[in-house]
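Each chain, letter by letter, is given below.
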Amino acid sequence: MVAPHVSVVLPAHNEREVIAGAIDEVFAALAAAGHAAEVIVVDDGSTDGTDAAVEALIAQRPTLRLIRLARNFGKESALAAGLDAAQGAYVALLDADLQDPPQEMVAMLATAERGHDVVYGVRRSRRSGWLRWLGYRVFYRLLRLVSDLPMPLDSGDFSVLSRRAVDALNRLPERNRFLRGLRSWVGFRQCGHLYDRPARRAGATKYSLRSLWNLAVLGFLSCGRRPLAAAFFVGLAVVLAGLVAAVVGAAAVLVAVLVLGGVQLVAVGILGAYLARVLDQVEGRPCYLVERTVNCAAPAPR
Ligand code: UDP
Ligand code: MG
């Protein structure tokens, strides 16, 4: 099997309504640009027949591939499986709901071909409710504050990666993966690509506010150690404030107890979150398991 020029990875969890259209649009955009491509759909434990819908298309699409995970492992794991399986000289990561436009992917691929290893989409605008909009704005700005890495603002997983960037990512042994952070970490030649993010083509978002919160925590924990340092400095500031209060003779015992107790709980909470990450790594469970593949060798999880 000769390696294709481009591999497109589509993670999909219950996307039966949109998956066939997404596959068509991706193949059409790449064919129009003259690229030989494979499309790898990673079915992340769908229960709506997404895998059957993809399988039915494979007879007409010799370079369409399906990897079905053993359960819903989450998008980060689905992306890891796709990156492990992709054979292309370039790999594009797109959402299956067509919120990452295939036309933009073609433009990003051209940028990558001019010698960039990571071309990531940057959202000029996005269509979502105000609460999510605000959450995303705050998240990306806090992430940049917390991170030891140069994290680009307002860029999600939508990206085109060179083979050497993909190989570097696939060698990272981290199990609890936050691709946006790892992608910054590998370095090489990186470049943003501005685009307008359209609304989801059909169906509903697979991210509840709770899973977005979990993703945000994962992002903070995996992108640096600054929150640990912050806990230390906040604690120090409170101790100093206590000393000052003692010097001026304030009898605000209750205030001191509350503030100190609060600071300690925050610090313990931050420690606990990092400890959970250590535990994940020590347990050594793979970040995904494959149930079956069609037209594709099963990728080996790290
Ligand atoms: N997704 C996935 N596993 C999950 C949740 C989401 O593979 O557990 C996929 C989903 O099918 C879609 C992409 O990740 O292709 C982005 O999800 P979604 O569109 O629901 O998120 P949003 O765009 O609302 O942030
Ligand atoms: Mg979406």
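Model, not experiment: these values are computed from the prediction.

1. Observations regarding the packing of helix H8 (residues 209–222) against helix H10 (residues 253–283)
Phase 1 of the analysis: Interhelical geometry of H8 versus H10 gives an angle of 85° and a closest axis separation of 11 Å. As summarised for this structure, H8 and H10 are arranged roughly perpendicular, according to the angle between their axes. For the pair H8 and H10, contact is made by Leu 218, Phe 220, Leu 221 and Ser 222 and by Ala 273, Tyr 274 and Arg 277, respectively.

2. Re the site of ligand 1
Phase 1 of the analysis: Lining the immediate surroundings of ligand 1 are 18 residues, of which Glu 15, Asp 44, Asp 97, Thr 205 and Lys 206 lie closest.
Phase 2 of the analysis: Within the side chain of Asp 44, one N or O atom sits 2.6 Å away from a nitrogen atom of ligand 1.
Phase 3 of the analysis: In this structure, an oxygen atom belonging to ligand 1 sits 2.6 Å away from a side-chain N or O atom of Asp 97.
Phase 4 of the analysis: Across the complex, the protein chains shield 92% of the 530 Å² of accessible surface that ligand 1 would expose by itself.
Phase 5 of the analysis: Class assignment for the residues of the shell around ligand 1 results in five nonpolar, five polar and eight charged.

3. Considerations on helix H1 (residues 16–32)
One turn of the α-helix equals 3.6 residues, which is why residues spaced by three or four share an orientation.
Phase 1 of the analysis: In a regular helix each residue adds 1.5 Å, so 17 residues correspond to 24 Å; H1 covers 25 Å between its end C-alpha atoms and thus fits that length.
Phase 2 of the analysis: When we look at burial in H1, the residues that qualify are Val 18, Ile 19, Ala 22, Ile 23, Val 26, Phe 27, Ala 29 and Leu 30. For H1, the arc enclosing every buried residue in end-on projection is 165°, short of the 170-degree limit, so these residues lie on one face. Opposite the buried face of H1, at more than 90 degrees from it, the exposed residues are Glu 17, Ala 31 and Ala 32.
Phase 3 of the analysis: Trailing H1 by a residue or two, Gly 34 shows a phi angle of about 80°, which is positive.

4. Observations concerning empty space enclosed by the protein
Phase 1 of the analysis: Evaluation of the coordinates by the stated rule reveals one cavity of 30 Å³ or more.
Phase 2 of the analysis: What the largest cavity holds in volume is close to 50 Å³.
Phase 3 of the analysis: Every residue lining the largest cavity is listed: Glu 76, Leu 79, Ala 80, Leu 83, Leu 169, Asn 170, Arg 177, Leu 179, Leu 182 and Arg 302.
Phase 4 of the analysis: Elements that contribute at least two residues to the lining of the largest cavity include exactly helix H3 (75–85), helix H6 (163–171) and helix H7 (179–186).
Phase 5 of the analysis: For the lining of the largest cavity, the element with the highest residue contribution is H3, accounting for four residues.
Phase 6 of the analysis: Of the residues in the lining of the largest cavity, the class split is six nonpolar, one polar and three charged.

5. Things to note about the sheet that holds strand E7 (residues 190–197)
Phase 1 of the analysis: Across the sheet, eight strands lie side by side as E7-E5-E6-E4-E1-E2-E3-E8; this open sheet has mixed pairing. Two strands lie at the open edges of the sheet, namely E7 and strand E8 (290–294), each paired on one side alone. Strand-to-strand twist across the sheet, computed as the mean angle between neighbouring axes with direction ignored, equals 20°.
Phase 2 of the analysis: Where strand E5 (residues 118–126) meets E7, eight bridges bridge the pair, whose relative direction is parallel.

6. Quick look at the pattern of salt bridges
Phase 1 of the analysis: A complete count under the given rule lists 22 salt bridges for this structure.
Phase 2 of the analysis: In this structure, Arg 68 engages Asp 51 in a salt bridge whose closest nitrogen and oxygen atoms are separated by 3.6 Å. Linking Arg 68 in strand E3 (residues 64–69) with Asp 51 in helix H2 (residues 50–58), this pair joins segments that are 17 residues apart in sequence. Of the two residues, Arg 68 and Asp 51, both sit in the buried class.
Phase 3 of the analysis: The closest approach of N and O atoms between Arg 180 and Asp 157, which form a salt bridge, is 3.3 Å.

7. What to know about the pairing of E5
Each regular strand shows side chains that alternate between the opposite faces of the sheet.
Phase 1 of the analysis: Of all nine residues making up E5, seven are buried, and the element is well covered by its neighbours.
Phase 2 of the analysis: As paired elements, E5 and strand E6 (residues 159–162) share three bridges and run antiparallel to each other. Directly across from Val 119, in E6, lies its bridge partner Val 160.

8. Overview of the packing of aromatic side chains
Phase 1 of the analysis: Enumeration over the complete set of coordinates arrives at five aromatic pairs.
Phase 2 of the analysis: For the ring pair Phe 232 and Phe 233, a centre distance of 5.2 Å and an interplane angle of 75° mean the geometry is edge-to-face.
Phase 3 of the analysis: A relative accessible area of 52% places Phe 232 in the exposed class.
Phase 4 of the analysis: Taken together, the ring pairs connect Phe 139, Tyr 140, Phe 178 and Phe 220 into an aromatic cluster.

9. Some thoughts on a nonpolar patch on the surface
Phase 1 of the analysis: Residues Trp 130, Leu 131, Trp 133, Leu 134, Val 138, Leu 142, Leu 145 and Leu 209 make up a contiguous nonpolar surface patch of about 840 Å² in total accessible area.
Phase 2 of the analysis: Ranked by residue count, the leading element in the nonpolar patch is helix H5 (residues 130–146), at seven residues.
Phase 3 of the analysis: By the element assignment, Leu 209 lies in helix H8.

Reading the values: rules and limits
Residues numbered from 1 in each chain as written. Chains lettered and ligands numbered in written order. Predicted model: local features only at pLDDT ≥ 70, side-chain atom pairs only at ≥ 80, totals over all residues. Heavy atoms only, no water. Axes fitted to C-alpha atoms, helices over the stretch in contact; angles between N-to-C directions. Helix = DSSP H or I, 4+ residues; strand = E, 2+ residues; numbered from the N terminus. Parallel < 35°, antiparallel > 145°, perpendicular 65-115°, else oblique. Contact = heavy atoms within 4.5 Å. Near = heavy atom within 4 Å. Polar contact = N/O pair within 3.5 Å; in protein donor to acceptor, adjacent residues only side chain to side chain. Areas by Shrake-Rupley, 256 points an atom, 1.4 Å probe, with all protein chains shown as cover. Nonpolar A, V, L, I, M, F, W, Y, C, P; charged D, E, K, R; others polar. Expected span 1.5 Å × (residues − 1). Buried < 20%, exposed > 50% of the residue type's maximum accessible area, 1.4 Å probe, protein only. Arc of directions from axis to C-beta. 1 Å grid on protein atoms, 1.4 Å probe; cavity = no way out; pocket = protein on both sides within 12 Å on 5 of 7 lines; lining within 4 Å. Points joined across faces, edges and corners; volume = space filled by probe spheres on them. Pairing = 2+ DSSP bridges. Salt bridge = Lys/Arg side-chain N within 4 Å of Asp/Glu carboxyl O. Phe/Tyr/Trp six-rings, centres within 6.5 Å; stacked < 30°, edge-to-face > 60°. Patch = residues over 30% accessible without salt bridge, like charges linked within 9 Å, V, L, I, M, F, W, Y side chains within 5 Å.

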